[in-house]
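Residue-level structure breakdown
This is what each chain is made of:
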Amino acid sequence: MVRAVLLSSRSGVSLSNLQVEYKDLTGELIPYKQLGYATLDALLHSMPSVVKLDKGQSGEVVCHATTGNEVTRITKLAARQHTAKRTGRPQVVNCQMRVKPAAPFVLNGEMTDFRSDKRMTLPSRFQKEVHAHLSQNQQQSNGKQILGGKLVQSRIKEVLNKHSNGLWVSKLPPLYREHYKQDLPNEALKDLEHWTHICSVKTSQITPQSAATPPTPDKSQFHHNKPQTQRSSATSKSSTLASPRDLPPDVKQKLGELLLKYSSGLWAHALPKLYQDTYKCKLPEFVLDHLTLLSDICTIDYPMPDNSKRAILYAKVLEDENRNQSGLAGSETKETVERCLSSQTVPSLVIPREEYPSVLVVEASDTNSVILRYIGEGYSKAQEKLEDEMREFYGQDINKVALTSPLSGQLTAVHAEEEEEILRAQVCEVMADKVKVYYVDHGFSEVISKSKLFELHEKFYRLPFQATKCKLAGLESFSQEQAVLKRFESMATGKILLAEILERKEVPLMVLYDTSQDDDININAACMKALQDKSLESPLKVNSAYMNVNVTSVCSDGTIYCQVPSRGLTKLNGILEKTENYLHSQVTSELLVSRPFCGKNCLARYKGKWSRVEITNLHGSRVLDILFVDVGIRASVEVTELREIPPPLLRDLISTPPQALKCCLADLPVSVGSWTPDAVHWLRDTVLHCSDCSLKIAKVDESKRLAHVYLFTSKNFHDTSCSLNQQLADLNLWNHQKDVFLSSRGPSKSLNLALPPLLELPEIGQNMDVFVSVACHPGHFVLQPWQDMYKLVDLMGEMILHYNKMEEKPLKVEKNQVCAAKLENNWYRVLVKGVLTNGLVSVFQLDYGKHELVSCTQLRPLTQEFCQLPFQAITAQLAGLKPRQWSEEASIVFRNHVEKKPLVAQLDSVQEASQSWDRKVVIYLVDTSQEERDIWLHDIMAEFTDEMSNAA
């Protein structure tokens, strides 16, 4: 349990706060005395496999989670890498892997669950009893109907979403089999017309249906039904206005091109500017008022029902099904030819379904063809099991049938002498007494003696080849550059990394991350930086002075970014001028950024001109954070505001290092990070509009590439007493504002806002798809309705764009106030629960159900625009169980089964209240992810409680 608390904090938990966070999670303090220790510190020192104790910057003891020995051992086994020089010798690689935060992420309205594998497993005895008990689900009462069909329905829904223009029912079974490697149950085809919540069956064909696009009887047989709450009214409102009968064909064609560039959807309000920038002409004004004119090229969604102007457009992809089928047949034939070895076939490797799988990087002679292996169940673990079986099988002489006449392309079993291992390999080249083989599970080749080859038994053909390839995003144009490959070799080869899959193709497009350090390292971005010309970097020499300095940014922590005259800055300005001319002359959509990812280099406008930026964070699929690398300014923008770097100028711009010099003022009474708002505002007013600044470098921190400088607003940089440093030190700007306090006066003004209506719930006994965002124990957890999750992501994207552009103004904080709060680069709708004496505010996230502490400086008034979508968090307790004090073990089991997971909820009762945060539901939770049976969580918990009671 201590590990769970520590894993939730990437930077560690101070010893003084550990008890508080532990109690927040479990409801109890750490019982160190009951465990025989005089102090908590003594208990923690006795648990080196769980916790590591360090000293923080302030001297306070900080606790960090350590990787469990068992996890480390398994990972090391899975990461055995064989090299061509020393066949079979396991190489110990970096395996202290930190899993990405477990949080729901929504793409195109579908949720993907990124969750940690570090979950507590039940005792083996209890597991057996649970599996035996689960078979009783089918005999439950009418209140517990079988939900196994939910998985099939959700999969059909996914298939339909990919065929927005129609789909014949006869095509559904092969498509289902292709996507999920399983046959579609025959009962599903019979029940299609009854599944009106996901589709409507006509007489010809299948087409996803949108409220903004009425179905056409002669073209649609099977429609994916989307929610139509309040959307039809917004659509009909616009259609009543006088409008042209149709759009000019060229305008519609151009709009179609734009929509295809943004497969995750495009906000309608962004169309006019995007159209103007791309095609150098205006979009007809009536288009936004008559979006139904676009219904044949896109579907229209209204995430904010009360605002018909805030629509999202999704392109309809027109596919020639016959061409697709023939294409699939061709690829299958090719695959069959390649894999038909010795009359046996090997199944193709399926890309893991999770968005962030772990991979072991083997080697790369080209970043467009990096060889790697997937780590985990069904991949590295299955390979280890197979090699153990091969070692045992070929350890018996009777099974060693020599392969006397190997043929090129033939699969074989190879004896690796050093480890006494038997590995699968494919013959590449046959020589006189030797052969060159490729180890299909390990990704390298070797020349060996023919005497080491054996016939591969047919039972070892069942596992797909584990060595596969990927392409590194952003490096496509520099895939064989020696500087890039050398950097990749040193940072990635032989290591277990986290892979973000951007594009699922035969050779998937990926971004790789090293998460073993304190800060995650983007491998793609680091390799791109290897191309930079170091001679063009901003100069950093102690005691050097520079005139004509341009201060571009003053951050809230006191960090300053400057541009100093240099050869690199002169070259950059020349390239950017060429870029401006190039983009102005192009009339094409090719340079629109359609696939953003962290670390990507591209262009955005700064003060009206195109400037270099790096994408630093993504909020959903349409809003992202960027850094203007040459001025040090961060911003939040829509993806439509970005442009690709023109190919003719790509190498020049990539090779030029960022020209923003990172500085801090020397000899100040406070350090960076302790600046008051008054001091920041004074410095901004003084230097940002000064055209004649100078600076002198006092010290350089090479590890951070940070210069400690004296800053001047004149050329008199010889006398430090005239510096802005001295002026700031003499001013009375360093006293922080007094702590805020709770107001005892009447209700907050924020409550006068028209708060959203209560979230609509199904009828008692009915089901709803949910995502469990927080789980404390069966008596208290928080749900989010799955159906409208994409609306929440869109809303949060809009909040980011709105609040990140607002000027920082202190907000008077009062209890029960509904406002917006910034937490970890996102803006949330929150309810103020209380204000602490140190200026921190306790808030409740109204859409996620989490309690957080946030600085009062990170609060903003919630505007009416963001009060349309009902608050999404639903407080709940599990039905079917008697109320009790849940033990720590039971709470952990419950969390492991439900937290950060999509489930089905069956409503049992509702405790109504006037405000959403006071309302509570009692529900049954059902896990329908298994093919053969549904798992009812109250059965699991009842069984576990009985088992624990019997063990006691």
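For the structure, check the block above.
Here the structure is a predicted model, which means the values were calculated and not measured. (Residues numbered from 1 in each chain as written. Predicted model: local features only at pLDDT ≥ 70, side-chain atom pairs only at ≥ 80, totals over all residues. Heavy atoms only, no water.)

The next thing to look at is the pattern of salt bridges. In total, this model carries 20 salt bridges according to the counting rule given. The residue Lys381 makes a salt bridge to Glu377 at a minimum N-O spacing of 3.5 Å. Its relative accessible area of 33% is what places Lys381 among the partly exposed residues. Between Asp847 and Arg829 there is a salt bridge, and its shortest N-O distance comes to 2.7 Å. In this pair, Asp847 is assigned in the loop between strand E35 (840-845) and strand E36 (851-855) and Arg829 in strand E34 (residues 826-835), connecting sequence segments 18 residues apart. Taken individually, Asp847 and Arg829 each receive the classification buried, so the pair is uniform in this respect. Where salt bridges share partners, they join Lys273, Asp277 and Arg643 into one cluster. (Salt bridge = Lys/Arg side-chain N within 4 Å of Asp/Glu carboxyl O. Buried < 20%, exposed > 50% of the residue type's maximum accessible area, 1.4 Å probe, protein only. Helix = DSSP H or I, 4+ residues; strand = E, 2+ residues; numbered from the N terminus.)

We now examine the pairing of strand E33 (residues 818-823). With respect to burial, E33 is a largely interior element, five of its six residues being buried. As consecutive antiparallel partners, E33 and E34 are separated by two residues, and within that stretch Glu824 has a phi angle of approximately 50 degrees, a positive value. Taken together, the three bridges between E33 and strand E37 (residues 859-861) define a ladder with antiparallel strand orientation. Paired with Cys819 across the strands is Pro861, a residue of E37. (Pairing = 2+ DSSP bridges.)

Under the counting rule described, the total for this entry stands at 14 aromatic pairs. Consider the rings of Tyr374 and Tyr379, whose centres lie 5.5 Å apart with planes at 65 degrees: the pair is edge-to-face. Both residues of the pair, Tyr374 and Tyr379, belong to the buried class. Following the ring pairs from residue to residue traces out a cluster consisting of Phe393, Tyr394, Phe454 and Phe460. (Phe/Tyr/Trp six-rings, centres within 6.5 Å; stacked < 30°, edge-to-face > 60°.)

Glancing now at the packing of helix H16 (residues 567-585) against helix H17 (residues 647-655). Where H16 contacts H17, the axes come no closer than 10 Å and their chain directions differ by 155 degrees. Considered as vectors, H16 and H17 are oriented roughly antiparallel to each other. Crossing geometry of H16 relative to H17 is assigned as left-handed. Each of Lys571, Leu572, Ile575, Leu576, Lys578, Thr579 and Tyr582 in H16 lies in contact with H17, whose residues at this interface are Pro647, Pro648, Leu649, Asp652, Leu653 and Ser655. Residue composition of the contact of H16 with H17, by class: eight nonpolar, two polar and three charged. (Axes fitted to C-alpha atoms, helices over the stretch in contact; angles between N-to-C directions. Parallel < 35°, antiparallel > 145°, perpendicular 65-115°, else oblique. Left-handed = near helix turned anticlockwise from the far one by under 90°. Contact = heavy atoms within 4.5 Å. Nonpolar A, V, L, I, M, F, W, Y, C, P; charged D, E, K, R; others polar.)

Once that is clear, we can look at the pairing of strand E23 (residues 560-563). A regular strand carries its side chains on alternate faces of the sheet. Judged by which residues are buried, E23 turns out to be covered on both faces: Ile560 and Cys562 on one side and Tyr561 and Gln563 on the other are all buried. Where strand E22 (residues 545-554) and E23 come together, four bridges link them in antiparallel fashion. Bridge pairing in E23 places Val551 opposite Cys562. Pairing of E23 with strand E28 (residues 661-665) involves three bridges; the strand directions are antiparallel. Across the sheet, residue Cys562 finds its bridge partner in E28, namely Leu661.

So, about the packing of helix H21 (residues 888-898) against helix H22 (residues 937-951). The interhelical angle for the contact between H21 and H22, taken along N-to-C directions, is 150 degrees, at an axis separation of 11 Å. Between H21 and H22, the crossing angle belongs to the class labelled roughly antiparallel. Between H21 and H22 lies a crossing of right-handed hand. Side by side, H21 and H22 meet where Glu889, Ala890, Val893, Phe894, His897 and Val898 of the first sit next to Leu937, Ile940, Met941, Phe944 and Met948 of the second. Here the residues of the contact of H21 with H22 sort into nine nonpolar, one polar and one charged.

What follows concerns unusual backbone geometry. Residue Asn543 is not a glycine yet carries a positive backbone phi of 70 degrees. Inspection of the secondary structure assignment puts Asn543 in the loop between helix H15 (523-529) and E22. On the accessibility criterion, Asn543 (58% relative accessible area) is exposed.

So, on to the sheet that holds strand E29 (residues 693-701). In spatial order, the strands read E22-E23-E28-E30-E29; together these five strands close into a barrel with mixed pairing. If you compare each strand with its neighbour and ignore which way they point, the axes differ by 55 degrees on average. One ladder, built from seven bridges, connects E29 with strand E30 (residues 706-712); its direction is antiparallel. In the sheet register, Leu695 faces E30, and the bridge partner there is Leu711. Contacting E22, E23, E28, E29 and E30, helix H18 (residues 677-687) crosses the sheet at an angle of about 130 degrees to E22.

Keep in mind that these numbers describe shape and distance, not what the molecule does.
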